[in-house]
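The residues making up each chain are set out below.
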Amino acid sequence: MPTLEIRNLSARVEDKQLLKDVSMTVNGGEIHALMGPNGAGKSTLGYVLMGHPNYEVTSGSVKIDGKELIGKNPEERAKAGLFLAFQNPVAVQGVKLSTFLRTAYNQVHPNEKLTIQEFYDRMKQHMKKVGLDESFISRSVNDGFSGGERKRFEILQMVMLRPKFVILDEIDSGLDVDALKMVAEEIKEYYNQEVGFLIITHYQRILKNIEPQFVHILMNGKMAMEGDNSISLRIEEEGYDWIRGV
Ligand SMILES: Nc1ncnc2c1ncn2[C@@H]1O[C@H](COP(=O)(O)OP(=O)(O)OP(=O)(O)O)[C@@H](O)[C@H]1O
Ligand SMILES: [Mg+2]
C-alpha cells in the first residue's frame with residue numbers, strides 16, 4: 001500500500017512563514033479533505049509538496065513509500081507518483097494539449113510502451129468522460145479555456161498520468177452541476193486501494209459524492225483540527241469560529 005508521509009513541514013516565501021509544522025499521512029485507499037479559511041496555506045501546501053521553487057522548505061520531510069521528496073524537482077516528484085491539480089491552472093501558449101499530455105506521460109511512465117494510437121484512444125475516451133470535445137486536442141494548453149474547462153483538463157491529466165497520490169486544489173470551484181458530476185465520477189472511477197487523495201475544498205458539494213475518511217483544518221499555516229467528516233459538516237453550518245475558539 002503506498003504511503004505519503006508529511007512530517008513537521010515548514011515553508012516560507014522570503015521572510016513570510018506560510019506553513020508551520022504540518023504533519024499528515026495519506027495511505028493508498030484513503031480520501032482526505034483539507035479545509036480552512038482563505039489564505040490559510042492550503043494551496044501553498046500543494047505547491048510545497050509538488051516542489052514549487054518559490055517556496056523555501058525550512059524544515060520537515062515529505063516521503064512517498066519512505067523515499068524523500070524534499071530537494072527533488074517537480075518532475076521527479078511526479079515520477080514518484082505525486083500529482084497536483086491546480087486551483088488556477090495556467091495557460092501554456094504554443095503547446096498543444098495532446099503534446100503536453102504525451103510529454104508528461106512519457107516523463108512519468110518512461111518504461112511503458114503505449115503506442116501513439118493507444119495513447120490517443122485512451123485520451124479521447126477520458127476527454128468524453130470529463131466533457132471536453134476532441135477539438136481541444138489541438139488547442140494550446142488552457143489558452144482561452146474557460147474556468148470549468150481548465151478544471152476538466154486537470155482531471156484529464158490525473159487519469160492519464162495515473163498518480164499514486166492526488167492533490168485536488170478546489171477542483172469543484174467554477175464547475176457547473178453537470179461537470180461536477182462528471183468530475184466526481186472520474187475521481188470515483190480512478191479511486192482504488194493503490195491511490196490516496198488529498199482534496200482541498202471549501203464545500204461539502206464534491207465531498208457529497210466522495211466521502212472523505214479524514215478531514216484536516218489548516219489555519220494560519222498550522223493544522224488546527226483533524227478528525228472525521230463531521231468536522232466539514234459543522235463548518236458548512238457554522239463556519240470556522242468554533243475552531244478558532246472565538
Ligand atoms: N509568493 C508569495 N508571496 C507572499 N505571500 C504569499 C505568496 N504565496 C502565498 N502567499 C500568501 O500565503 C497565504 C496562503 O496562501 P494560499 O494560497 O496557500 O491560501 P489558501 O489556503 O489556498 O486560500 P484560498 O482558500 O483562498 O485558496 C496567503 O496569505 C497568501 O497571500
Ligand atoms: Mg487556495
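Everything discussed here concerns the structure shown above.
Residues numbered from 1 in each chain as written. Chains lettered and ligands numbered in written order. Predicted model: local features only at pLDDT ≥ 70, side-chain atom pairs only at ≥ 80, totals over all residues. Heavy atoms only, no water.

A.B. asks: Lay out the site of ligand 1 with the relevant residues and their values.
C.D. replies: Near ligand 1 you find 15 residues, and of these Gly-39, Lys-42, Ser-43, Thr-44 and His-202 are the closest. Here an oxygen atom of ligand 1 and a side-chain polar atom of Ser-43 are 2.9 Å apart. Between Glu-170 and ligand 1, the recorded distance is 3.5 Å, taken from a side-chain N or O atom to an oxygen atom. In the complex, the protein chains occlude 66% of the 640 Å² of accessible area that ligand 1 would expose alone. Those elements that place two or more of their residues in the shell around ligand 1 are strand 2 (16-27) and helix 1 (42-50). Here the shell around ligand 1 takes three residues from helix 1, the largest share from any one element. Classifying every residue of the shell around ligand 1 by side-chain character gives five nonpolar, seven polar and three charged. (Near = heavy atom within 4 Å. Polar contact = N/O pair within 3.5 Å; in protein donor to acceptor, adjacent residues only side chain to side chain. Areas by Shrake-Rupley, 256 points an atom, 1.4 Å probe, with all protein chains shown as cover. Helix = DSSP H or I, 4+ residues; strand = E, 2+ residues; numbered from the N terminus. Nonpolar A, V, L, I, M, F, W, Y, C, P; charged D, E, K, R; others polar.)

A.B. asks: Give a description of the environment of Gly-221 that names residues and reports values.
C.D. replies: Mapped onto the elements of the fold, Gly-221 is located in the loop between strand 11 (214-219) and strand 12 (222-227). Take Gly-221: its relative accessible area is 0%, and that puts it in the buried class. Separated by 84 residues in sequence, Gly-221 and Ile-137 have C-alpha atoms that sit 38 Å apart. Apart from the residues lying within four places of it in its own chain, the contact partners of Gly-221 are Leu-18, Leu-19, Lys-20, Val-22 and Ala-40. (Buried < 20%, exposed > 50% of the residue type's maximum accessible area, 1.4 Å probe, protein only. Contact = heavy atoms within 4.5 Å.)

A.B. asks: Before we move on, can you summarise the coordination of the magnesium ion (ligand 2) with the specific residues and values?
C.D. replies: Every protein donor of the magnesium ion (ligand 2) is listed here as Ser-43 (OG) and Gln-87 (OE1), and their distances to the metal cover 2.0 to 2.1 Å. With a gap of 44 residues between them, Ser-43 in helix 1 and Gln-87 in the loop between strand 6 (82-85) and strand 7 (92-96) connect regions that are remote in the sequence. Relative accessible area serves as the criterion here: at 24%, Gln-87 is assigned to the partly exposed category. (Donors = N, O, S within 2.8 Å, 3.2 Å for Na, K, Ca; no water.)

A.B. asks: Could you give me a rundown of the layout of surface pockets, with the residues and numbers involved?
C.D. replies: Of the voids in this model, the largest pocket is the one considered here, and its volume is about 770 Å³. Forming the walls of the largest pocket are 28 residues, and the residues nearest its centre are Met-50, Pro-74, Phe-86, Phe-100 and Gln-157. Counting only elements with at least two residues in the lining of the largest pocket, the list comes to helix 1, helix 2 (74-79), strand 6, helix 3 (97-108) and helix 5 (147-161). Sorting elements by how many residues they give to the lining of the largest pocket places helix 3 first, with five residues. Here the residues of the lining of the largest pocket are counted per class, giving 18 nonpolar, eight polar and two charged. (1 Å grid on protein atoms, 1.4 Å probe; cavity = no way out; pocket = protein on both sides within 12 Å on 5 of 7 lines; lining within 4 Å. Points joined across faces, edges and corners; volume = space filled by probe spheres on them.)

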